[in-house]
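One letter stands for each residue in the lines below.
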Amino acid sequence: MNWKLGYGWIGLMVLLLTAGIIWYEVANAPIEVPVQLSYTSLPQLAPDPELEGLQIPLNRATAEELEQLPGIGPSKANDIFLYVQNYGPITRYEQLLEVDGIGEKTLEQIKPYLLLDE
């Protein structure tokens, strides 16, 4: 007897076997338990961990001290220093927006590290 099977028959048998395995797995799958989710708020982290605890007295700071602030390089630090020297003490954070190169975004970055003092 010649039991020669063509590729079509082999493909059909593989398809039927695969369908049977899938049906068996679906029929015997465990009943899912509804997931109970609870959300907690994220911990408040310091914007820059390496600067944690840094507090710079804005009106008494040198340009070198101001350079420690995030996003403030030598030029901006010098501009802030000169602004304080020329116009007197800064009493509101918003006054820093008058310094060239300091915008809303930069102000929000450096606010946590500044102390307003007389």
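Note that this is a predicted model, so its numbers are computed, not measured. (Residues numbered from 1 in each chain as written. Predicted model: local features only at pLDDT ≥ 70, side-chain atom pairs only at ≥ 80, totals over all residues. Heavy atoms only, no water.)

**As for the packing of aromatic side chains**
Now for step 1: Inspection of every chain in the model, using the stated rule, returns one aromatic pair.
Now for step 2: Seen in terms of ring centroids, Tyr83 and Tyr87 are 4.8 Å apart; in terms of plane orientation they differ by 40 degrees. Their pairing is tilted. Here the residue Tyr83 and the residue Tyr87 both occupy positions in helix H3 (residues 74–87), the gap between them amounting to four residues, near one helical turn.
Now for step 3: Looking at Tyr83, the relative accessible area reads 9%, which means it is buried. (Phe/Tyr/Trp six-rings, centres within 6.5 Å; stacked < 30°, edge-to-face > 60°. Helix = DSSP H or I, 4+ residues; strand = E, 2+ residues; numbered from the N terminus. Buried < 20%, exposed > 50% of the residue type's maximum accessible area, 1.4 Å probe, protein only.)

**Observations regarding a nonpolar patch on the surface**
Now for step 1: Together, Leu5, Tyr7, Trp9, Ile10, Leu12, Met13, Val14, Leu15 and Leu16 line one region of the surface with nonpolar side chains, adding up to about 1,000 Å² of accessible area.
Now for step 2: Residue placement: Trp9 occurs in helix H1 (residues 7–27). (Patch = residues over 30% accessible without salt bridge, like charges linked within 9 Å, V, L, I, M, F, W, Y side chains within 5 Å. Areas by Shrake-Rupley, 256 points an atom, 1.4 Å probe, with all protein chains shown as cover. Salt bridge = Lys/Arg side-chain N within 4 Å of Asp/Glu carboxyl O.)

**Re the environment of Arg92**
Now for step 1: Within the secondary structure, Arg92 is located in the loop between H3 and helix H4 (104–110).
Now for step 2: As a C-alpha pair, Arg92 and Leu116 span 24 residues in sequence and 7.4 Å in three-dimensional space.

**A closer look at the nonpolar core**
Now for step 1: Within the largest apolar cluster, 20 residues are counted, with the highest numbers of intra-cluster contacts made by Leu58, Leu66, Leu69, Ile72, Ile80 and Leu96.
Now for step 2: Residue assignment for this core shows that the elements contributing at least two residues are helix H2 (63–66), H3 and H4.
Now for step 3: The element that contributes the greatest number of residues to this core is H3, accounting for four residues.
Now for step 4: Excluding residues within four positions of it along the chain, Leu69 makes contact with Ile56, Ile110, Tyr113 and Leu114. (Core = buried A, V, L, I, M, F, W, Y, C linked by side-chain atoms within 4.5 Å. Contact = heavy atoms within 4.5 Å.)

**Describing the pattern of salt bridges**
Now for step 1: Using the criterion set out here, one finds two salt bridges in the structure.
Now for step 2: Put simply, Glu94 and Arg92 hold a salt bridge, and the shortest N to O gap is 4.0 Å.
Now for step 3: Residue classification places Glu94 among the partly exposed residues on the basis of a relative accessible area of 40%.
Now for step 4: Lys111 is paired through a salt bridge with Glu108; the nearest N and O atoms lie 3.5 Å apart.
Now for step 5: When its relative accessible area of 47% is taken as the criterion, Glu108 is described as partly exposed.

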